[in-house]
Amino acid sequence: MKKILAILIALLAALAVQTVAFADGELLPQTAETQSETSNGAVVLAEGSIEHNGINYTVLTAPSGEENGTVEVGPNLDASGNITIPAIITAGENTYTVTSIGDDAFCFCSSLTSVDIPDSVTSIGGFAFYYCTGLTSVDIPGSVTSIGGYAFGGCSNLTEVTIPDSVTSIGIGAFSKCCSLTSFDIPGSVTSIGNFAFYDCTGLTSVDIPDGVTSIGNGAFFRCSGLTSVTIPGSVTSIGGDAFRNCDSLTSITIPGSVTSIGNGAFSYCIDLTSVTIPGSVTTIGEYAFSYCAGLTSVAFTGTTPPTFGSDVFFDCSSLQAVQLSEDLTEEQRAEWKNALNGVMPEGCTIEYKHLTPDPEPTPTPDPTPTTPPADTNTAAEAASTPTVQQMESAERPDPQDVEATERYNFWMGVKADLRAAADGKTLRVHVPADYTNMPASVMEQIRLLDADVTVDLRWNGERLTITPATAQRKTALKAFWTFAQLCELYAQ
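Note that the structure is a prediction, hence the values are computed from the model and not measured.

A. Spotlight on the pairing of strand E6 (residues 69-73). Counting buried positions along E6 yields 4 of 5 residues, so the element is predominantly enclosed. Looking at chain direction, strand E5 (residues 55-61) and E6 are connected through 4 bridges and run antiparallel. Bridging from a neighbouring strand, Tyr57 pairs with Val73 of E6. Relative to strand E9 (residues 94-101), E6 runs parallel, the two being bridged by 5 bridges. Bridge assignment links Val73 to a residue of E9, and that residue is Ile101.

Here it is as structure tokens:
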């Protein structure tokens, strides 16, 4: 009897200290090797997720043979302090490489102060560090090639960011509202700066845009009120709408001979801007492009053919005294310019003919690939009465003095730009601020007319709304917007 009791006591003691790990859905006894791992933080594998040292990971691929599996950092709602993400983690007998930081991974973690990202990570997802207001610096390793939309948006105490040469694009709103950033070194590998990439970075004083960047997105530097100088390289072909709007401290800007279009409101409210030279390569200047530039005194056009002007290009530029044209223009060309500038120049502004430095020979660029719109089942009468997306956008444009309405308009303009650029089969996730109560009708129409199979995943006020070109609603008469109450009834998941 004593021998039996001794055996039972020994068994109970063993059970009391034994822990278990999960692997491939099975309970495994904790070995000495996995016991060492748990000393560095518990590892739990269940239903495709792993928790390691308090951080959640999502399994992307399972281990195969001698190949590691892969994981990404998943949603973590309460991460705080100094976080170190390992390159390799082990769960039971399985080993995984951390290859990405997923969408929404550390968003709204206001107590997160620093994060160490390993070289194994190749992408940082959308909203990954959104409104991590305690984050002060980030060193992004050279393995990262893409930074998702709003990845660091709202990180108001972020003072330093190191971007490696491996990154080719800066996503929509990636560093928006990072008001403590004073300078930003964009690597030469970047070819595009996304819509609202640096929106409301009020502490930013200078930006050197490298050769290789071909487009500056809508609202890219909107409300960078501390920005005093910008160097735009000769590779840029387009300056997006509201790209430098409300850059109050910007005193001068040089537009290179590669630029062909200046978007709506691109330099509006740049109140300290005193002069600007516009090369002959520019063929279109959008509405309100230089409106409310109270300090603007002179504008020089170096080309021989006037661009197409939108309405109110120089609206309320009360100090503009002269528009300068080349003295080498023929009489016929001068007449063409006068006709184009009629109604564009503010009252009291005159035309001066001066010796202007000729534009350099433009670098040829390939024609864009044409797109074919999808077949439309409208009747002829319906088609004739349905405005285009561009016409709808024009009708929806708010008064430029209404800053709040303009911000919302620009937000949706950015969404439509991303829709037009989306590849077939892509899911576009859009986080809509909770205080937005409606979506412009032109957004729905843009989705409906897409020639690619794109899924729009709207996140609004705790709701998830999924819209595709096949399910997008046709605009009805007089409808200017869709309320989110209506959209929830139609598309809520």
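B. Highlighting the confidence of the model for the chain. Looking at the chain, pLDDT values average 81 and 82% of them are 70 or higher. Here residues 1-42 is modelled with pLDDT under 50, and outside its nearest four sequence neighbours on either side it reaches 37 contacts, counting other chains as well. Predicted confidence is poor over residues 360-386, with pLDDT under 50, and the contacts of this stretch with residues over four places away or in other chains come to 14 contacts.

C. Here's a closer look at a negative patch on the surface. Where like charges cluster on the molecular surface, the negative patch consists of Asp165, Asp185, Asp208 and Asp211. For Asp208, the position within the fold is in strand E18 (residues 206-208).

D. Quick look at the packing of aromatic side chains. Overall, the coordinates contain 27 aromatic pairs when judged by the stated rule. Arranged with centres 5.3 Å apart and planes meeting at 5 degrees, the rings of Phe221 and Phe244 form a pair that is stacked. Here Phe221 is found in the loop between strand E19 (215-216) and strand E20 (229-231), whereas its partner Phe244 is found in the loop between strand E21 (238-239) and strand E22 (252-254), with 23 residues between them in sequence. Here Tyr288 and Phe315 contribute two aromatic rings whose centre-to-centre distance is 6.2 Å and whose plane-to-plane angle is 75 degrees, an arrangement assigned as edge-to-face. Separated by 27 residues along the polypeptide, Tyr288 in the loop between strand E25 (284-285) and strand E26 (298-301) and Phe315 in the loop between strand E27 (308-309) and strand E28 (322-326) bring together distant segments of the chain. Overall, Phe315 belongs to the partly exposed group, its relative accessible area being 36%. Among the aromatic residues, ring-to-ring pairing joins Phe106, Phe129, Phe152, Phe175, Phe184, Phe198, Phe221, Phe244, Phe267, Phe290 and Phe314 into one connected group. One residue, Arg223, lies across the ring of Phe222, its end atom 5.8 Å from the ring centre. Directly above the aromatic system of Tyr353 lies the positively charged group of Arg334, at a separation of 3.8 Å from the ring centroid.

Quick notes on the rules
Residues numbered from 1 in each chain as written. Predicted model: local features only at pLDDT ≥ 70, side-chain atom pairs only at ≥ 80, totals over all residues. Heavy atoms only, no water. Buried < 20%, exposed > 50% of the residue type's maximum accessible area, 1.4 Å probe, protein only. Helix = DSSP H or I, 4+ residues; strand = E, 2+ residues; numbered from the N terminus. Pairing = 2+ DSSP bridges. pLDDT = per-residue confidence, 0-100. Contact = heavy atoms within 4.5 Å. Patch = residues over 30% accessible without salt bridge, like charges linked within 9 Å, V, L, I, M, F, W, Y side chains within 5 Å. Areas by Shrake-Rupley, 256 points an atom, 1.4 Å probe, with all protein chains shown as cover. Salt bridge = Lys/Arg side-chain N within 4 Å of Asp/Glu carboxyl O. Lys, Arg positive; Asp, Glu negative; His and termini not counted. Charge placed at Lys NZ, Arg CZ, Asp CG, Glu CD. Phe/Tyr/Trp six-rings, centres within 6.5 Å; stacked < 30°, edge-to-face > 60°. Lys NZ or Arg CZ within 6 Å of the ring centre and 35° of its normal.

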